[in-house]
Amino acid sequence: MSESAATHHKELPELTLVLIGDTNSIEIGPKNLLLDHDEKTNLEQFSSKLYDMCGRHITVINMLDHQSVHKIPLSQGIHAFLLLLPYGPHNRYYSSGMLWLEKAFGEGFFPYVMTVVTHDPGEKCESALADLKANSRFAEKRFHTCIKSMRDEHEIVALLEKIDVMVSENSPPCYSRLMHDEDKEGQEHLDQNSYQEAADKSDSSASQQNEKGFSIMSMTATTNKQSMNIPEQSIEKKQCQTETETLLRRLHLHDKYQQKMSTTDFLKIGPPMKQSHDTSEKDLVDTFLQKLMMLDYRARYITVRQDNPGVSCSQSVPVSDSDDFDDLFSDSADSDKSKESHVHPMDVQMAVFHCSDSFLKQNMVTKLSQCQYALPLLVPDLVTMDIECPLWTFRQITKTWKKTQIKDNSNVVTMKSMPICKAETSMVSFFRLGSLSVSKSQLMNSLINDRHSTFFHRNCPGSTKSRHLMDGVAEIAWYCPAGEPNDSFTDCIAFCNLHGDALLIEKQYEILTEKSSVNVVLVPTLEKGQKSTTVIQALYNSPKPLIILIADSDHGAVQVKDGKYKMGLKDRNQSDVSEELKGIIRKVLSGPHASFQLESMAKVSGIRVDEDDAVCLRGKSAAVQTVNMLQGMEISKIKDKFLPYQGDLWHEWCRINKELYHLKGNIEKDKSQKEQQLMKIRQDQCKAPCSELIRSFRESLLSLLSKEKEYFLKWTQVLIDALCTYEFSKILQSYNKKWTEVLTLKSSDKTDLLTSKQNELEQISRKLQSASFGLEHIFREMGQIYEAHRAIKAESRQTDWAKYPELAADLMISGHPVELMDGDAGQVPLTWISGILDEVIKKLGDQRVFVLSVLGVQSSGKSTMLNAMFGLRFAVSAGRCTKGAFMQLVKVSEEIKKDFQSDYLLVVDTEGLKAGDATLHHDNELATFIVGLGNLTLINIFGENPADMQDVLQIVVQAFMRMKKVKLSPSCVFVHQNVTDIGAAEKNVDEKRRLQERLDQMAQLAAKEESCDAEHFSDVIAFDVQKDVKYFAQLWEGSPPMAPPNPGYSKSIQELKNIILSKAKQSTGTSLSHFKSKIHDLWKALMNEQFVFSFKNTLEIAVYRRLEVQYGNWTWALRSNMLTIENQLHTRIENGKLDKVERSDLFKELSEKYEEIRKDMTKYFEDDKDKEILVEWKDRFENKIKEFQEELVKGVERKLDEVIQQKKACKKLDEKKPEFENKLLQKSKELAHQLKDKAKDEDELKKQFDCVWNDWVKELTAGTKPIEDIKLEDDQINILHDLGFEWAFINDHKSSDRYKRISQVGDFTDYIFLSNQQDTTEQDTSNKVVGSVATNRFQCENQELIRSLLRNVEKQSLDAVKSKPVATRGYSSTYLQEVSKNIQETVTEFESKRKYVFKKEFTVDLLLYVFDRVGSWLVQSHKTYKINNDAHTYLESKRTQYYDIFRSFCKGSSSAVVFGEMICRKLKASTAEAVCNKTAIDLAGEMRCTFPAFCGNRLNLEKYLLKSLAEKEDFDAFIKYINNPREQVEAFIVEKVNEHIFKERQDKAQNILRKKVDDISQLINQALFDATNEVKAQSGDIDMWTEKFPSFLKDILTLDTISCQNFRDINNFDFLKEEIERGLESIKEEMKQLSLDKMKEFRLSPDQILIDQLCNCCWETCPFCSAVCTNTIKDHLPDDHSVPFHRSSAVNGVHYKNSVEIGIGFCTTNVASDISFYPYQDPDKPIPYKKYKTAGPPYENWSISPDQSKLTYWKWFVCRFQKELEKYYGLKFIGKGEIPSEWKTHTKEEAIQSLDEMCNL
């Protein structure tokens, strides 16, 4: 039907339905058949959808959410009230719905109700009917269920059918206005029994409710029945409870009354607070709390956006539906009074208060106090209406004021600061009796602060008449004078305000009048005979002062009698009233009066105090027990007695520890002494028993439950504050007084008196520091106990200290701040902090955190800002400025976690820069530490003083410059606080420009100081002055102590928080383990003078080491694949199937594995948990892998080319081999035919064969000259003689074998001549460098230079010889002549740059040494040449083979048998080679993956080598390692491979070999099968078979030429196959028993494969101690060379100039000292170790960081081999080189263990 038709027929509808109930029971939308609109109106709405569906005219009136009923067209009648109930709370909603219907329509409505329970699709709601049946008035036949969307036609039709039945049964069929009027009239005459019945019904129905939601009625039914005697009160209370329940539901707090909100719900990073000017009701509570936590006092004035038209808004104006003039004078034209008003602001506050746990209440009240708002003192319980005093909520509040007293005719101002619970003040209580036209609260505000609404009043924004939760609440506020002349009062005064009519609130009234100093009563009129008369009379007769304020009187103040006043308020100026009232109060309080202390409320009978809760009492009891032992003590002595660990010993430890990084004089001795001193201090600390205070505190933490523990900590701090605040305040006043005296004397000439006063001031200062005492000091003590016991590895029965980090970690996780830096000692307790973070990681996992740190000057509001921003707990109370640094965890909530890469925010708050007597160095140190820790640092600038700003900016910019140099990249935001005018945009632009200019200037200055290039601050760090600068208004809106926080400040806090969170979203954050290591790295670097030089990024090092291991895996995968490829191609070349190797083919063969590696690399760099660090090396390692692939390919190409060249070189012999074989076969056959009768006589056969064999060889090699063996020794001696050395001299050196040890010589003095100039120079300069290490220029640096010369000469000679074609062309003596010439030239060039020359003994020994080193290679290569090219050698190698053939022929074997034996012989040799080569590759792979020494990086290999050397304690092996580390590493690899193969894992190695035998045997059998079948299929002959069979094995076995010229009679190939198979079985069994030693005879060996893999790394040595660089990559530039464990210089034989005193220092210690060294290049110019990089190469290419680790390994080595070292170097450990006694305490086991510790850094 069309819309117009529907409209035409709506005048006479057939049915009129009214929808009653909750909006949650229905999903309104265009497809809803019953209600397709959400317009909530009382006008009838014709339903076109129902008409279209069933052809009926049905009107549906939307009355959901219980709207006003006065406009419903009752004249036409309502056929049915559809009571819609959502499934779940259906029972409760049924009760409230029926009550509302009865109130709105009277009892006559009941027959017309149809109950409809709605549910979600698929939800079963069978229980609904049973639940509702419990209600006496429920009718089952008038019950229906349907889905909430109401789209199902069948359900709607069924509902209409039920309605039709109900209409037919009702008489009259519809509910009309007449019935409504009659019901209302009858309702007015209901008797008391009817009211009671209604109440009982309500109770009955409420008791059946579903318990998913909160219901006041269900909780109070029993109580009310017992306590209420007056029916009106019962109904009134039930109505009040219903309204409360409705209020909580509107605020979405209905489930929070019993399950309270807690601080953890808000101590997390949630969605940002909406910045819109209004808020919906559902967000009202969150917005209120967020604003309050940010100290925004506008939290009380939140504008509410009404999504429900049934709720009125204070800013909306209803529009009348009539324009008749007469309606102007009628009520109908007024605003709709039936609408609910918006929620009263104080109802929001009190609802949140009631629904919060005690800690959130306390936090909330503390923030209200900071906002200068009144606080709840007496609060009626929502359920029982009992009165509660929330005393606990006041415990965190401390008030500070200045009291003014007149002494000697002058004003004396005294500052007081104390917990408000302890303060004894006057209290003025205000009450109203009856209803008033004036605002009591507003009047009170004028007394306290006329510019701020301390007490909320009727004229405040958002105030409404409908206030539910404030009546009966007593609020309290304190006036705190500032010590100024314009103070309203001269002392602190409490003002108490009882909300509501005191006549109706007797209990609270009685309590307050009892406690008050002055009572102020507001009455509408003062006449006898009124209700208030009795109350006023009682007050009048009371001895307490009374002030009566009369609303209808316009008289001024009148003193009726002593202490009794009255004053009119009518038509009077409020300012005048306020001043008059202040005067009266001042006068009354100037005389004797009662005082009030908040704690006394705990003794008031008849009220409940929240601190009486059992859990609170248990926490308090434990705290009292702990703190009681401090009672009666002078607070400045508490720490000395109860916290001894953090006293003088700890401060002394910190001082000595810092000195460790600035050593002078005899460095190692000084260092050793200081380390011993540190250990002694730790031992002394441990001797002190754990104090009773700490023991009690610890036991409480361990034994109490979670909530009890929280109370315990709070109570402990409260009790400590109460104990210390007064005394601390007195000391502070004394300090200020003395400081004033000092300032006065400074302007006079009284020097002696000034000095005395300054000393007194210093004593007070120390006392002030000692008096500072809080929870942080207790935890600091626990930390020191832990550190001390850990340091000495205490193993006593008392191990409670081991639990301390876990206790601290629990508190950190729960949101407590933890001290990161001890501000008193200026030290980070690294062991303690690591222990805590390790425990946090155990409990939470290695979570990612976004680290936010803050820097700024002292008292600039850093902690206040952080607390307001995130609800943190950093100490901000007066006199408690942050010292050191604290950290606190804040969880990222689940709602926004998907947008963040971090799980927590970790906030670091710090002490201020430029604090007290802090030095610039200290500030730089602190700034660098904090900036380095943070992912983001807030730079807090306070005020507009350019000088202060300049200092701070310089410190900060230098810190960021350092971060850039050590590759850390934090970000920053500048927060400019206390700006006078932040509104002018133009001024902000100008300020930002100036700030940018300052930052650029500071960047240029810092760049010079840090030796770095930077023109702009943006060159140092990513910084946008437009986005990364935030201007803050001043914190207080007025002058403290009564000023509230500035709302602009709170707005700035929110904006800054949004900036921080936006940066946090873009950051990957930091893992907790990384954060822990960063703390260590930064602090250790800061201990040194040069931070950049000293910084070691431990995490980066660890990540790089892991990457090295992966790199090793990737390169091994490529190498092992290439070995397999090389093996195949080598076999093919040997078989003559390949005569050229193309590089492109090798790349192609390797491409599949290379692509696989590239994918693995990409996955590793993209998916690893440290990918943000790894990205730095991604491109470099990808290039390295590519270079490695190219290097592999080139190497294999070169090797295979050599094979091809060898093959070509022996081509002449190879061409003769078939001829040799045929002739030898023929001759063997003929000889066998001649001797067939003697076949059984083996000896005769052997004799005959041997007789003719030599003749055969001579015959076959006629005309061929044999290749002679080389005579190396003769050539060497002749070459030396040709160089001019005498025969006797040469023979003497040759026979002595001394030359073989030249590389191991410790002192080369006997090999050189020193010039006179050299001697003179040394004497002249010996005294010029005082305090330097000043090593003897020849005896030290030049000793190492000669060793380096030896290594270089050896390497160059070997490389030169190995480049010669000895294996293809044979040996020539010219090769040695060339080597000797090069050596002489190198030595001569070396001598030309030195001030000494070598003796001829050196030259001869060096030449003999090199000849010896190259000789073995020449002999082996020439042997290969001879085997491949000498016919005599070749034929001789075949003697056994042809004897066997001859013997077989003699025995009458057939050609097939002999041929099979010949094939098997060839296969046996080839199989052995193939098996050994493949086994070598697999064994190397197995060891590479499983053997601990080989499966890591280069550092790992070094560690195991050093362990092996230590275990053997072989000095010669050590010297070999020191002088030639690579040679020793290779020997170690060979040794470990042999041990692995022949001892430890022999069975496994043998199994690998057997597996290879099986694999190759299977391939041979398959080739035999295929060749035989193919020949048979093609009817081929033996020639074809000998061609086919090897072709199938060309990539597997190297087969000699198979000659079949003498076997052409073979035609039974199956028989041949069987013969060969039989022989193969024998070969297979023999091969399986093959010794693993056999591998040494072939091309590949596992040790050489591993040497190629593991030694393809960096071999550069430290220019100071010769420690080998442990970088796994050979060419790792631009990274410097480095090694984690440097050596003592004694290892190298370094000694002091012109003495035999050996030097024992470590270069890692020296680089942090003030001593110097002489570089190789310029031995006359000393260079400070701190600036070693300026000495040029090789020094500049090394990274040697200062390291205070014990380096136990080399200390043990020096002590263990002291005598051997002295003998080897000809030096003594005396004088400056005396070994410290501490070194001698280390055992071999400790030395080995230290290697693990160093490698695990």
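See the structure shown above.
Residues numbered from 1 in each chain as written. Predicted model: local features only at pLDDT ≥ 70, side-chain atom pairs only at ≥ 80, totals over all residues. Heavy atoms only, no water.

Brief notes about the overall build of the protein chain
Looking only at helices and strands, one finds 60 helices and 33 strands in the protein chain. The buried share among the 1801 residues of the protein chain stands at 55%. Of the contacts made within the protein chain by residues no fewer than 6 positions apart, 76% connect residues no fewer than 24 positions apart. Here the protein chain has roughly 79,700 Å² of accessible surface; of this, 47% comes from carbon and sulfur atoms. (Helix = DSSP H or I, 4+ residues; strand = E, 2+ residues; numbered from the N terminus. Buried < 20%, exposed > 50% of the residue type's maximum accessible area, 1.4 Å probe, protein only. Contact = heavy atoms within 4.5 Å. Areas by Shrake-Rupley, 256 points an atom, 1.4 Å probe, with all protein chains shown as cover.)

Quick look at the side chain of Lys 440
Structurally, Lys 440 can be placed in helix α13 (residues 440-448). At 8.1 Å, Glu 475 is the nearest oppositely charged side chain to Lys 440, a buried residue that forms no salt bridge. A distance of 2.2 Å separates polar atoms of two side chains, one belonging to Lys 440 and the other to Asn 497. From its side chain, Lys 440 meets the backbone oxygen of Leu 498 in a polar contact 2.8 Å long. Excluding its chain neighbours within four sequence positions, the residues that come into contact with Lys 440 are Phe 430, Phe 431, Arg 432, Asn 497, Leu 498, His 499 and Leu 522. (Lys, Arg positive; Asp, Glu negative; His and termini not counted. Salt bridge = Lys/Arg side-chain N within 4 Å of Asp/Glu carboxyl O. Polar contact = N/O pair within 3.5 Å; in protein donor to acceptor, adjacent residues only side chain to side chain.)

Structural notes on the packing of aromatic side chains
Under the criterion given, the structure shown has 61 aromatic pairs. Each ring, one from Phe 1017 and one from Phe 1023, has its centre 5.2 Å from the other, and the planes form 75 degrees; the classification is edge-to-face. Here the two residues Phe 1017 and Phe 1023 agree in accessibility, since each one is buried. Ring centres of Trp 1114 and Tyr 1164 lie 5.7 Å apart, and the angle between their planes is 80 degrees; on these two criteria the pair is classed as edge-to-face. Of the two residues, Trp 1114 sits in helix α35 (residues 1098-1134) while Tyr 1164 sits in helix α36 (residues 1143-1167), which places them 50 residues apart along the sequence. The two residues Trp 1114 and Tyr 1164 agree in class, both being buried. In this structure, Lys 561 packs its charged tip against the face of Tyr 540, placed 4.7 Å from the ring centre. Residue placement shows Lys 1507 over the ring face of Tyr 1504; its charged tip is 5.2 Å from the ring centre. (Phe/Tyr/Trp six-rings, centres within 6.5 Å; stacked < 30°, edge-to-face > 60°. Lys NZ or Arg CZ within 6 Å of the ring centre and 35° of its normal.)

Let's talk about the packing of helix α21 (residues 692-703) against helix α24 (residues 775-791)
The interhelical angle for the contact between α21 and α24, taken along N-to-C directions, is 95 degrees, at an axis separation of 11 Å. Put simply, α21 runs roughly perpendicular to α24. Here Leu 693, Ile 694, Phe 697 and Leu 701 of α21 come into contact with α24, specifically with Leu 775, Ile 778, Phe 779, Glu 781, Met 782 and Ile 785. In terms of residue class, the contact of α21 with α24 is built from nine nonpolar, no polar and one charged. (Axes fitted to C-alpha atoms, helices over the stretch in contact; angles between N-to-C directions. Parallel < 35°, antiparallel > 145°, perpendicular 65-115°, else oblique. Nonpolar A, V, L, I, M, F, W, Y, C, P; charged D, E, K, R; others polar.)

Looking at the pairing of strand β25 (residues 904-910)
Most of β25 is tucked away, with seven of its seven residues classed as buried. Both faces of β25 are covered, namely the face carrying Tyr 904, Leu 906, Val 908 and Thr 910 and the face carrying Leu 905, Val 907 and Asp 909. As paired elements, strand β23 (residues 848-856) and β25 share five bridges and run parallel to each other. The residue of β25 that forms the bridge with Ser 853 is Val 908. As defined by bridge partners, strand β24 (residues 884-892) adjoins β25 across seven bridges and the pair is classed as antiparallel. Within β25, the position partnered with Val 890 by the bridge is Leu 905. (Pairing = 2+ DSSP bridges.)

Things to note about the nonpolar core
Of all hydrophobic cores here, the largest spans 269 residues; its most connected members are Phe 929, Phe 974, Phe 1459, Phe 1494, Trp 1585 and Phe 1757. When residues in this core are grouped by element, the largest group, 16 residues, is from helix α49 (residues 1455-1490). Not counting the four nearest positions on each side in its chain, Phe 1494 is found in contact with Met 1487, Arg 1488, Asn 1500, Leu 1501, Phe 1532, Ile 1533, Lys 1536, Val 1537, Leu 1650 and Leu 1654. Grouped together as the second largest cluster of nonpolar side chains are 111 residues, Val 352, Ala 423, Leu 433 and Phe 495 included. (Core = buried A, V, L, I, M, F, W, Y, C linked by side-chain atoms within 4.5 Å.)

Things to note about the pattern of salt bridges
Evaluated as defined, the whole model comprises 94 salt bridges. In this structure, Arg 608 and Asp 613 form a salt bridge, with 2.4 Å as the shortest nitrogen-oxygen distance. When its relative accessible area of 35% is taken as the criterion, Arg 608 is described as partly exposed. Because the salt bridges share partners, they merge into one network encompassing Glu 652, Arg 655, Glu 659, Asp 670 and Lys 674.

Describing the side chain of Ser 691
Here Ser 691 is to be found in the loop between α20 (667-687) and α21. Of the polar contacts made by the side chain of Ser 691, one reaches the backbone oxygen of Phe 642; its length is 2.7 Å.

Description of the environment of Ile 269
Along the chain, Ile 269 falls in strand β6 (residues 268-269). With 602 residues separating them along the chain, Ile 269 and Gly 871 place their C-alpha atoms 9.8 Å apart.

Description of the pairing of strand β18 (residues 558-561)
In terms of strand pairing, β18 meets strand β19 (residues 564-568) through three bridges, oriented antiparallel. Bridge pairing in β19 links Lys 561 to Lys 564. Here β18 folds back onto β19, and the loop between the two strands holds two residues, one of which, Gly 563, carries a positive phi near 80 degrees.

Considerations on the sheet that holds strand β3 (residues 80-86)
In sheet architecture, strand pairing relies on hydrogen bonds along the backbone and comes in two forms, parallel and antiparallel. Strand order in the open sheet formed by five strands is β2-β1-β3-β4-β5, and the pairing between neighbours is parallel. Each having just a single partner strand, β2 (58-64) and β5 (143-147) make up the two edges of the open sheet. Strand-to-strand, the axes of this sheet are offset by a mean angle of 25 degrees, without reference to chain direction. With six bridges connecting them, β3 and strand β4 (residues 113-119) associate as parallel partners. Along β4, the bridge assignment pairs Leu 85 with Val 117.

Topic: the environment of Leu 1636
The topology assignment puts Leu 1636 in the loop between α55 (1613-1632) and α56 (1646-1654). Spatially, the C-alpha atoms of Leu 1636 and Gln 1546 are 8.9 Å apart, while their sequence positions differ by 90 residues. Leaving out residues up to four positions away in the same chain, Leu 1636 has contacts with Ile 1541, Phe 1542, Ala 1549, Gln 1550 and Leu 1553.

Digging into α56
Since there are 3.6 residues in each turn of an α-helix, residues three or four apart along the chain are aligned in direction. For α56, a buried count of seven out of nine residues is recorded, marking the element as mostly surrounded by other parts of the structure. Pro 1646, Asp 1647, Ile 1649, Leu 1650, Ile 1651, Gln 1653 and Leu 1654 are the residues of α56 that are buried.

Focus on the packing of helix α19 (residues 648-659) against α20
The geometry of α19 relative to α20 is characterised by a closest axis approach of 10 Å and an angle of 165 degrees between their N-to-C directions. As the angle between them shows, α19 and α20 are arranged roughly antiparallel. In this structure, the crossing between α19 and α20 has a hand that is left-handed. Of the residues in α20, those in contact with Leu 649, Trp 650, Glu 652, Trp 653, Ile 656, Asn 657 and Glu 659 of α19 are Lys 674, Gln 677, Leu 678, Ile 681, Arg 682, Asp 684 and Gln 685. Looking at the contact of α19 with α20 residue by residue, the class counts come to six nonpolar, three polar and five charged. (Left-handed = near helix turned anticlockwise from the far one by under 90°.)

Concerning unusual backbone geometry
Pro 172 follows Ser 171 through a cis peptide bond whose omega is 0 degrees. Among the secondary structure elements, Pro 172 is positioned in the loop between α5 (153-169) and α6 (177-188). In the segment running from Pro 1737 into Pro 1738, the intervening peptide bond is cis, with an omega of 0 degrees. Mapped onto the secondary structure, Pro 1738 falls in the loop between β33 (1727-1728) and α58 (1752-1760). At Leu 295, a residue that is not glycine, the phi angle is positive and equals roughly 60 degrees. Locating Leu 295 in the fold gives a position in the loop between α10 (284-293) and β8 (303-305). For Gln 372, which is not glycine, the phi dihedral falls at a positive 60 degrees. For Gln 372, the position within the fold is in the loop between α12 (358-370) and β9 (375-380).

Side note on the environment of Ser 517
Inspection of the secondary structure puts Ser 517 in the loop between α14 (506-515) and β16 (518-523). Once the C-alpha coordinates of Ser 517 and Leu 589 are considered, the two residues, 72 residues apart in sequence, prove to be 7.9 Å apart. Those residues in contact with Ser 517 that lie beyond four places of it in its chain are Thr 425, Ser 426, Met 427, Lys 544, Pro 545, Leu 589, His 593, Ala 594 and Ser 595. A polar side-chain atom of Ser 517 sits 2.4 Å from the main-chain carbonyl oxygen of Ala 594.

A word on the state of the cysteines
Linking two cysteines covalently via their sulfur atoms produces the bond known as a disulfide. Using the criterion set out here, one finds zero disulfides in the structure. Of all cysteine sulfurs, the one in Cys 389 lies closest to Cys 421, which takes part in no disulfide; the gap is 8.8 Å. Cys 421 sits in the buried class, given a relative accessible area of 2%. A disulfide-free cysteine, Cys 1669 has its sulfur positioned 3.7 Å from the sulfur of Cys 1658, the nearest such atom. (Disulfide = S-S within 2.5 Å.)

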